[in-house]
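Each chain is listed here by its residues.
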Amino acid sequence: MKKNGYVLLEMTISLGLFSLILLSASAMIFSLSNSNQRLVKNFDKFENIRLAQYFLEQQINCCDKLTIETDKNSTMKSLATYIGDNPNHTFEFKDKTIKFGGTSDNETPFNNELSQNISDVKINYDEIKKLLYIKIIVEDFPEANFVLYLKNKIIFLKPYFS
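Rules used in this analysis
- Residues numbered from 1 in each chain as written.
- Predicted model: local features only at pLDDT ≥ 70, side-chain atom pairs only at ≥ 80, totals over all residues.
- Heavy atoms only, no water.
- Helix = DSSP H or I, 4+ residues; strand = E, 2+ residues; numbered from the N terminus.
- Buried < 20%, exposed > 50% of the residue type's maximum accessible area, 1.4 Å probe, protein only.
- Contact = heavy atoms within 4.5 Å.
- Areas by Shrake-Rupley, 256 points an atom, 1.4 Å probe, with all protein chains shown as cover.
- Lys, Arg positive; Asp, Glu negative; His and termini not counted.
- Salt bridge = Lys/Arg side-chain N within 4 Å of Asp/Glu carboxyl O.
- Core = buried A, V, L, I, M, F, W, Y, C linked by side-chain atoms within 4.5 Å.
- Pairing = 2+ DSSP bridges.
- Axes fitted to C-alpha atoms, helices over the stretch in contact; angles between N-to-C directions.
- Expected span 1.5 Å × (residues − 1).
- 1 Å grid on protein atoms, 1.4 Å probe; cavity = no way out; pocket = protein on both sides within 12 Å on 5 of 7 lines; lining within 4 Å.
- Points joined across faces, edges and corners; volume = space filled by probe spheres on them.
- Nonpolar A, V, L, I, M, F, W, Y, C, P; charged D, E, K, R; others polar.

Turning our attention to the overall build of the protein. A count of helical and extended segments in the protein gives one helix and nine strands. Going from the N terminus to the C terminus, the protein shows its helices and strands as α-β-β-β-β-β-β-β-β-β. Among the 162 residues that make up the protein, the fraction classed as buried is 29%. Summarising the internal contacts of the protein: among those between residues at least 6 apart in sequence, 38% fall at separations of at least 24. Only carbon and sulfur atoms are counted for the fraction: they give 57% of the accessible area of the protein, which is about 11400 Å².

Our next topic: the environment of Leu66. Residue position: Leu66 is located in strand E1 (residues 65-70). Accessibility expressed as a relative area gives 0% for Leu66, which makes it buried. Distance in space between the C-alpha atoms of Leu66 and Leu79 is 7.1 Å, their sequence separation being 13 residues. When residues no more than four places from it in sequence are discounted, the contact partners of Leu66 are Ile60, Leu79, Ala80, Thr81, Leu132, Leu150, Ile154, Ile155 and Phe156.

For Lys45, the location among the structural elements is in helix H1 (residues 6-62). For the buried Lys45, no salt bridge is present, and the opposite-charge side chain at shortest range is Asp140, 4.3 Å distant. Apart from residues lying up to four places away in sequence, Lys45 is in contact with Val138, Glu139, Asp140 and Phe141.

Time to look at the nonpolar core. Core analysis: the largest hydrophobic core is formed by 28 residues, its most contacted members being Leu66, Phe91 and Leu132. For this core, the secondary structure elements donating two or more residues are H1, E1, strand E2 (76-83), strand E3 (86-94), strand E4 (97-103), strand E6 (120-126), strand E7 (131-137) and strand E8 (144-149). Of all the elements, H1 adds the most residues to this core, at five residues. Filtering out sequence-adjacent residues up to four positions away, Phe91 remains in contact with Phe55, Leu56, Gln59, Met76, Lys77, Ser78, Leu79, Ile98, Lys99, Phe100 and Leu114.

The strand order across the open sheet built from three strands is E6-E7-E8, with neighbouring strands paired in antiparallel fashion. The open sheet has two free edges, formed respectively by E6 and E8, since each of these has just one partner strand. In this sheet, neighbouring strand axes are inclined to one another by 15° on average, regardless of whether the strands run parallel or antiparallel. As paired strands, E6 and E7 are joined by seven bridges and run antiparallel to one another. Residue Asp126 lies in a different strand from E7, and its bridge partner there is Leu131.

Okay, H1 next. With 57 residues, H1 extends 83 Å between its outermost C-alpha atoms, agreeing within 8% with the 84 Å of an ideal straight helix rising 1.5 Å per residue. Within H1 the residues assigned to the buried category are Lys45, Asn48, Ile49, Ala52, Phe55, Leu56, Gln59 and Ile60.

The calculated volume of the largest pocket comes to roughly 160 Å³. Considering the residues around the largest pocket, the lining is formed by Lys41, Asp44, Lys45, Asn48, Lys96, Asn117, Ser119, Val138, Glu139 and Asp140. Of the residues assigned to the lining of the largest pocket, the class counts are one nonpolar, three polar and six charged.

Two elements, E2 and E3, share six bridges in a ladder whose sense is antiparallel. Its bridge partner being in E3, Thr81 is matched across the sheet by His89. Hairpin connection from E2 to E3: two residues lie between these consecutive antiparallel strands, with Gly84 at a positive phi of about 65°.

This is how it looks when you write it as structure tokens:
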């Protein structure tokens, strides 16, 4: 029985099919890798919003007095909390970062980054209803809105002049 070239033809076809299977598998892995990167990026955005919201809410609820500086567009420039007449924490928003500071037990000032890659932080206060509206905005992500009822708090609103 003579086989003239059939083995070579079968080998070429099987190599072609194997290449197609490998190419589709690598495309699927590449797609999954891109999806994973987008998921991690969105999780980081969500974590930044959650951390900023939690820490702001906690400090505002624990304070007795609050001083808020905003620009003409209601963007937060600084927010200072006081317990009694003693400063507790100061939050600043600049360069797409919410920073917070305070003093340690030995009266040493410190300043830490709370959340990065924040596009905007809007703050509005309704004096009649005693409601503080805070909106944290991050690019390409749903904004976080939360409202705090500040019944027994002293609130000072100061315009920010650059």
